[in-house]
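Below are the chains, spelled out letter by letter.
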Amino acid sequence: MADKPQPVRLLYCAVCSLPAEYCEFGPDFEKCKPWLIKNAPEIYPNLLQEANEKEAEKVSERLQSVGISAGGADEAAQPSQPGETSSSKKEEVKRLPGGKIKKKEKLEVVIEKVVRNRRKCITVVKGLELFGIKLTDASKKLGKKFATGASVVKGPTEKDQIDVQGDIAYDVVEFITETWPEVPETAIYFIEDRKKVPAG
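Residues numbered from 1 in each chain as written. Predicted model: local features only at pLDDT ≥ 70, side-chain atom pairs only at ≥ 80, totals over all residues. Heavy atoms only, no water.

## Here's the deal with the overall build of the protein chain
Heads up, the condition is: By definition, any uninterrupted DSSP run of H or I lasting at least four residues is a helix, any uninterrupted run of E lasting at least two residues is a strand, and each is numbered from the N terminus. Whether a residue is buried, partly exposed or exposed follows from its accessible area with a 1.4 Å probe, protein chains only, as a fraction of its type maximum: under 20%, in between, or over 50%, in that order. Only the protein chains shown count as cover for residues, with accessible areas throughout obtained via the Shrake-Rupley method and a probe of 1.4 Å.
Across its full length, the protein chain holds six helices and eight strands. Classification of the 200 residues of the protein chain by burial places 24% in the buried group. Only carbon and sulfur atoms are counted for the fraction: they give 52% of the accessible area of the protein chain, which is about 15,600 Å².

## A closer look at the pattern of salt bridges
We count it as follows: By convention in these notes, a salt bridge is any Lys or Arg side-chain nitrogen within 4 Å of a carboxyl oxygen on Asp or Glu.
Per the stated rule, a full pass over the model turns up four salt bridges. Lys126 is the partner of Glu112 in a salt bridge, and the nearest nitrogen-oxygen pair spans 3.4 Å. Here Glu112 is found in strand β3 (residues 109-116), whereas its partner Lys126 is found in strand β4 (residues 120-126), with 14 residues between them in sequence.

## Things to note about unusual backbone geometry
Both trends apply: most residues other than glycine have a negative phi, and most peptide bonds are in trans. Positive phi values are uncommon outside glycine, yet Ser17 reaches one of about 65°. Looking at the element boundaries, Ser17 is found in the segment before α1 (29-39). Phi angles above zero are rare outside glycine, and Ala147 is one such case at about 50°. Structurally, the position occupied by Ala147 is in the loop between α5 (135-146) and β5 (150-154).

## Comments concerning the confidence of the model for the protein chain
Short version of the rule: The quantity called pLDDT is the predictor's confidence in a given residue, expressed from 0 to 100. Two residues qualify as a contact provided that any one of their heavy atoms is within 4.5 Å of a heavy atom in the partner residue.
Summary statistics for the protein chain give a mean pLDDT of 76 and a share of 76% for residues scoring 70 or more. Ranking the elements of the protein chain by mean pLDDT puts helix α4 (residues 87-92) last, at 44, and α5 first, at 90. Across residues 69-91, where pLDDT falls below 50, the model places zero contacts with residues more than four positions away in sequence or in other chains.

## Looking at the packing of aromatic side chains
To be explicit about the condition: Classification of ring pairs rests on two measures: the distance between centres of Phe, Tyr or Trp rings, Trp counted by its six-membered ring, which must be within 6.5 Å, and the angle between planes, read as stacked under 30 degrees, edge-to-face over 60 and tilted in between.
For the structure on display, the rule yields two aromatic pairs. On the basis of an interplanar angle of 70° and a centroid distance of 5.8 Å, the ring pair of Phe146 and Phe175 is categorised as edge-to-face. Separated by 29 residues along the polypeptide, Phe146 in helix α5 and Phe175 in helix α6 (residues 169-179) bring together distant segments of the chain. Where Phe175 meets Trp180, the ring centres are 5.9 Å apart and the plane angle is 85°; that geometry is what we call edge-to-face. Of the two residues, Phe175 and Trp180, neither departs from the other in class, the shared state being buried. Joined through ring pairs, the aromatic side chains of Phe146, Phe175 and Trp180 make up one cluster.

## Observations regarding a nonpolar patch on the surface
Note the cut-off: Each patch groups residues whose relative accessible area exceeds 30% and which form no salt bridge, using 9 Å between like charges and 5 Å between nonpolar side chains of Val, Leu, Ile, Met, Phe, Trp and Tyr.
A contiguous nonpolar surface patch, about 340 Å² in accessible area, is contributed by Val8, Leu10 and Tyr12. As for its position among the elements, Leu10 is in the segment before α1.

## So, the environment of Cys121
Tracing the sequence through the fold places Cys121 in strand β4. C-alpha separation for the pair Cys121 and Val164, spaced 43 residues apart in sequence, amounts to 8.8 Å.

## Some points on the nonpolar core
What counts, and what does not: Throughout, nonpolar core names a set of buried Ala, Val, Leu, Ile, Met, Phe, Trp, Tyr and Cys residues whose side chains join them through atoms within 4.5 Å.
Core analysis: the biggest nonpolar cluster contains 23 residues, and Val109, Ile111, Leu128, Ile162, Val172, Ile176 and Val183 have the highest contact counts within it. Elements represented by at least two residues in this core include exactly β3, α5, β6 (160-165), α6 and β7 (188-192). Per-element accounting of this core gives the leading share, five residues, to α6. Aside from chain neighbours lying at most four places away, what touches Leu128 is Val109, Ile133, Leu135, Ala138, Ile162, Ile176 and Val183.

## Section: the side chain of Ser139
Looking at the element boundaries, Ser139 is found in helix α5. You can call Ser139 buried: its relative accessible area is 8%.

## Looking at the packing of α5 against α6
Applied cut-off: Interaxial angles span 0 to 180 degrees and are taken between N-to-C directions of axes, which are lines fitted to C-alpha atoms, for helices over the stretch in contact. Roughly parallel means an angle under 35 degrees; roughly antiparallel, over 145; roughly perpendicular, 65 to 115; everything else is oblique. We call a crossing left-handed when the near helix sits turned anticlockwise from the far one by less than a right angle, and right-handed when that turn is clockwise.
Packing of α5 against α6 leaves a shortest axis separation of 12 Å and a crossing angle of 125°. With respect to each other, α5 and α6 are oriented oblique. Relative to α6, α5 is oriented so that their crossing is right-handed. In contact with Lys141, Leu142, Lys145 and Phe146 of α5, α6 contributes Asp171, Val172, Phe175 and Thr179.

Next comes the structure, spelled out in structure tokens:
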């Protein structure tokens, strides 16, 4: 006579209440991961490996953010130059929560031609505000110079940009450098075929 089959004992996830084998198909797999690593590492061995790698990355980021230099003690011992403040170095590098470093924005003007409805062109000018130029004044001057509509709008990255009606991409470079001499021609770029190309 055959042995009587025994019931199978399943391990259910405490987060999503699915069997642990099916957590990856559930709605909250990211929330389940810590519980699975602790209670069912044999089912998902790659999760344990990922967790170890992430922990190693965090430790290496922390070590890099501390950054001990060989001349650090000597620099601290020297008196600062007159007019030089110690806070100026702190202002150059901004740290975000988590130890990430915020990069300084590059001082550049980007000009892009956008075609709408196969016929109408709009020239987009981004980055003039980085040179201390008021965008409302710049849009008025561009509209007058090229006898077209120009307005300040929010771009896809939530930054203000100037939209000028018409294809004036190459004419606008000369106008910008003449009107605002603080903007060098080497800082003006075109976007062509999704690549940044210098204007000069």
